[in-house]
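Fold and contact review
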Amino acid sequence: MSESSARVVIVDDDASVRKSLARLLRVHGYETETYTCADEYLTQAQDIQAACLILDLQMPGTNGLELQHRLIAARAETAVVFLTGHGDIPTSVQAMKLGAVDFLTKPVDEYTLIEAVDKAIIKQSEMQRQRTLTKSVQARLAALTRREREVMQQVMTGAMNKQIAVQLGISEKTVKVHRAHVMQKMQTSSAAELVQLCAGAKLLPGTLANHPDRQ
C-alpha cells in the first residue's frame, strides 16, 4: 500500500507522460513533482532528496544515467525507477548495477509502475533507517577512549577478559572496567548485542580504529 506522505519526482521531457504519471500517482496517494529534464531538476528542485525518482533515460542535456551518477555522488538517498522508450539491455544492466529499483519501458501498465514505486519507497526508507543507525553508532564510538575501543575490538572477537588482558598488557580488573564503560557508552548489554549493533550499522571491528581518539 502506498505511503501518502511519500514524494515521487517525475523527470521526463514528454509533457503528456509527466501529466499522466502525476495523475496516476496522486490517485494512489503519492505527492508528486515534475520536471522537464535532469538539468531543471538539479537547478530548480529545492531538495534533490525524494522518496522515489521516476526518471526518463534520453533527455536534452544531462541524461538519466548521468543524473543517477550525480545523485550517487551527492549521496542522495533517492530510489530511482527508470521509465524510458529507448532502453536496451546494456543500459538497463548498468542502471541496475548502480542501484536502480527497476528499469521499465514505455508504455507501462498501472500495476507494474505502482509496484516499482512501492518498492522504491521501501528501499528509500531502508536507506534512511540505515543512515540514522550508522550515525547513531558512530556517535557512540566517538565517545570511547582509545583503550576502550581496543577492548571493544577484542570483545567483538569473542575474547574473554583474561585473554584481552594478556593481549593488551593490562590487568584483568582494568579490562572489566573498560568493558563496562564500552557497554554503557554503546548502549548494549552483551558482546553478542554489541556485534549485532555494529553489524547493523555496517561497521566492522577493523574499522573502529579509524575513529578519532578520545583520551
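Up top is the structure.
I will try to describe carefully the structure that is included in this document. (Residues numbered from 1 in each chain as written. Predicted model: local features only at pLDDT ≥ 70, side-chain atom pairs only at ≥ 80, totals over all residues. Heavy atoms only, no water.)

**Remarks on the side chain of Thr84**
Take Thr84: it is sitting in strand β4 (residues 79–84). Overall, the relative accessible area of 0% leaves Thr84 in the buried class. Apart from the residues lying within four places of it in its own chain, the contact partners of Thr84 are Asp56, Leu57, Gln58, Phe103, Leu104, Thr105 and Lys106. (Helix = DSSP H or I, 4+ residues; strand = E, 2+ residues; numbered from the N terminus. Buried < 20%, exposed > 50% of the residue type's maximum accessible area, 1.4 Å probe, protein only. Contact = heavy atoms within 4.5 Å.)

**So, the sheet that holds strand β3 (residues 52–55)**
Pairing is parallel across the open sheet formed by 5 strands, whose spatial order is β2-β1-β3-β4-β5. The strands lining the two open edges of the sheet, one partner per strand, are β2 (31–35) and β5 (102–105). Across the sheet, the axes of successive neighbouring strands diverge by a mean angle of 20°, strand direction being ignored. The sheet contact formed by strand β1 (residues 7–11) and β3 spans 4 bridges and is parallel. Considered in β3, the bridge of Val11 is made with Leu55. Packed on one face of the sheet, helix α4 (residues 89–97) meets β4 and β5 and runs near 150° to β5. Taken strand by strand, helix α5 (residues 110–142) contacts β1, β3, β4 and β5, and its axis lies near 155° from that of β4. (Pairing = 2+ DSSP bridges. Axes fitted to C-alpha atoms, helices over the stretch in contact; angles between N-to-C directions.)

**Observations regarding the pairing of β4**
Buried residues dominate β4, accounting for 6 of its 6 residues. The alternating pattern of β4 places Ala79, Val81 and Leu83 and Val80, Phe82 and Thr84 on opposite faces, both of which are buried. The pairing of β3 with β4 spans 4 bridges and is classified as parallel. Paired with Cys52 across the bridge in β4 is Ala79. Between the parallel elements β3 and β4, the chain passes through helix α3 (residues 64–73) in a crossover that is right-handed. Pairing geometry for β4 and β5, over 4 bridges, is parallel. Within β5, the residue paired with Leu83 across the bridge is Leu104. Tracing the backbone out of β4, into α4 and back to the parallel element β5 gives a crossover that is right-handed. (Right-handed = clockwise from strand over helix to strand, strands pointing away.)

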